[in-house]
Structures are given as structure tokens and as C-alpha cells.
Amino acid sequence: MEFKVGRTVVRVIQGDITEQETEAIVNAANPTLMGGGGVDGAIHRKGGPSILEECKKIRATQYPKGLPTGKAVITNAGRLKAKYVIHTVGPIWSGGDRGEAELLAEAYRSCLELASSKGIKSIAFPSISTGAYGYPISKASRVALETVKDFLIKEHTINEVVFVLFSREDQKVYEKAAEEILSK
Ligand code: ADP
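None of the values given here were measured: they were computed from a predicted structure.

Student: Help me understand the sheet that holds strand E5 (residues 84-88), please; the structure alone is not making it clear to me.
Tutor: Strands belonging to one sheet form pairs held by backbone hydrogen bonds; the direction of such a pair is parallel or antiparallel. Ordered by their spatial adjacency, seven strands build an open sheet running E1-E2-E7-E6-E3-E5-E4, and the pairing between neighbours is mixed. Each of the sheet's edge strands pairs with one partner strand only, and the pair in question is strand E1 (2-5) and strand E4 (72-76). Each adjacent strand pair in this sheet contributes to an overall mean axis angle of 25°, direction not counted. Summarising the sheet, strand E3 (residues 24-28) and E5 pair through five bridges and their orientation is parallel. The residue bridging Ile25 from the neighbouring strand is Val85, located in E5. The sheet strands contacting helix H1 (residues 38-47) are E3 and E5, and the helix crosses E3 at an angle near 130°. Here helix H3 (residues 100-117) sits on the sheet and contacts E3, E4, E5, strand E6 (122-125) and strand E7 (160-165); the angle it forms with E6, its principal contact strand, is near 160°.

Student: Could you clarify how one ought to interpret the pattern of salt bridges in this entry?
Tutor: According to the stated counting rule, one finds seven salt bridges in the structure shown. With its nearest N and O atoms 2.5 Å apart, the salt bridge here joins Glu19 to Lys46. Taken as a pair, Glu19 in the loop between strand E2 (8-14) and E3 and Lys46 in helix H1 lie far apart in primary sequence, 27 residues in all. In this structure, Glu106 engages Lys71 in a salt bridge whose closest nitrogen and oxygen atoms are separated by 2.7 Å. Remark: Lys71 occurs in the loop between helix H2 (49-61) and E4 and Glu106 occurs in helix H3; sequence separation between them is 35 residues. With a relative accessible area of 32%, Lys71 lands in the partly exposed category. Linked through salt bridges whose partners overlap, the residues forming this network are Asp16, Glu19, Lys46 and Lys81.

Student: Is there a simple way to explain the site of the ligand in this structure?
Tutor: In the neighbourhood of the ligand, 16 residues make up the surrounding shell, with Ile17, Val39, Ser129, Gly131 and Ala132 lying closest. Here a nitrogen atom of the ligand sits 2.9 Å away from a polar atom, N or O, in the side chain of Asp16. Within the side chain of Thr130, an N or O atom sits 3.2 Å from an oxygen atom of the ligand. Taking 560 Å² as the accessible area of the ligand by itself, protein coverage stands at 88%. Looking at the shell around the ligand, the element that brings in the most residues is H1, giving three residues. Residues belonging to the shell around the ligand are distributed by class as follows: eight nonpolar, six polar and two charged.

What counts and what doesn't
Residues numbered from 1 in each chain as written. Predicted model: local features only at pLDDT ≥ 70, side-chain atom pairs only at ≥ 80, totals over all residues. Heavy atoms only, no water. Pairing = 2+ DSSP bridges. Helix = DSSP H or I, 4+ residues; strand = E, 2+ residues; numbered from the N terminus. Axes fitted to C-alpha atoms, helices over the stretch in contact; angles between N-to-C directions. Contact = heavy atoms within 4.5 Å. Salt bridge = Lys/Arg side-chain N within 4 Å of Asp/Glu carboxyl O. Buried < 20%, exposed > 50% of the residue type's maximum accessible area, 1.4 Å probe, protein only. Near = heavy atom within 4 Å. Polar contact = N/O pair within 3.5 Å; in protein donor to acceptor, adjacent residues only side chain to side chain. Areas by Shrake-Rupley, 256 points an atom, 1.4 Å probe, with all protein chains shown as cover. Nonpolar A, V, L, I, M, F, W, Y, C, P; charged D, E, K, R; others polar.

This is how it looks when you write it as C-alpha cells:
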């Protein structure tokens, strides 16, 4: 499904984030930046060792204690089709009253701001926090779409935003939220 927010095209697709041809893809990383399961594992596996090399440098210089939740950093994308990987850390779901929604919004915002500052015109997001981190997908989809919409209304630097959902079910959840949030 495709939507327009100002001049930006927002797409909700089913697919694999590692196959996207957008300029940047987002990694649902963990604070260590040393890889993991889910999206993180797939990106490092397919992208090859150059991504981890750059992550190690970032840990050594910028974030010796790890990347805090809600922040984002950028690396090369190795052998992937994308040019950059933007790594962010979403919140771990713990019931919803520990600031999870604000932290998840911050993660999306940090990625968009970083992309924008690098002149990146197209970016693909996975569903941050809804795998191992346990964030309910219906709630997460609303936070993701609202945050991206608010950003795109204020800044016109990005031409294309793609939400890449791994399963058809997840895609349906995002499409339902997008029809409500992006169509008005
Ligand atoms: P988190 O730790 O932030 O929850 P995960 O990687 O565990 O991140 O999961 C986030 C979402 O990404 C889940 O919905 C999962 O099904 C999905 N996912 C896993 N692998 C891929 C992939 N290769 N492309 C797109 N989405 C993926």
C-alpha cells in the first residue's frame, strides 16, 4: 500500500529488510551493536563483516557503554543493496507504563534525523521492538506511523519511507494503522 505525506511517498510492504534498495535501511539493533537475532542477525549475515567493523569503532569512540535506547548511528552497508545501515535501539516492552511509546518514537525520529542530516533520500524501516523486544505490534505500528508522519510534515528532505514487514499479518496491522493515520 502506498500513501503520500506532503511530497514523500510512504509504502507499507511485506518483505525482507536486507533486500531493500533504499539508500538506507534501519537495523533494530541492541545496545552492544555487536549483532544479535532477528533483523540484526540478518543484516550482519548478509552485509558481511565491514558493518561490524564500523560498529566496533563507534563503540570504542562514541558509545563505550553501548548505544542508548532511542539513539541512532550510521554505518556502511557492506554487501547489501542499500548504501547505509542506520542502527537504532528500540525499547523493551514492559507493560507500557515505562515510557516505551516515547522511546520508540525517539528511535524512529533519531533515524529520520540522522538520514536527513546525511542527505539520504530514501529509507526502509523494519518493525522496531516488535520481535525479541516484545512490543505489541498494533501499538507499535501506530507509534511508528505517527512519528514518521510528524517528521515528514515538518521536514521535506526525504522522498521515500518504506515500512518493511516480515509477515503478511504484520503488514495488515501496519496497513490498517496507515489508512487511519496517513490518509487524513
Ligand atoms: P527487536 O529486538 O527490536 O524486537 P527483532 O529483529 O527481534 O527486533 O524484530 C523486529 C521485527 O522484525 C519483528 O516483527 C520480526 O518479525 C521482523 N524481522 C525479522 N527479520 C526480518 C527481516 N529480515 N526483514 C524484515 N523484518 C524482519
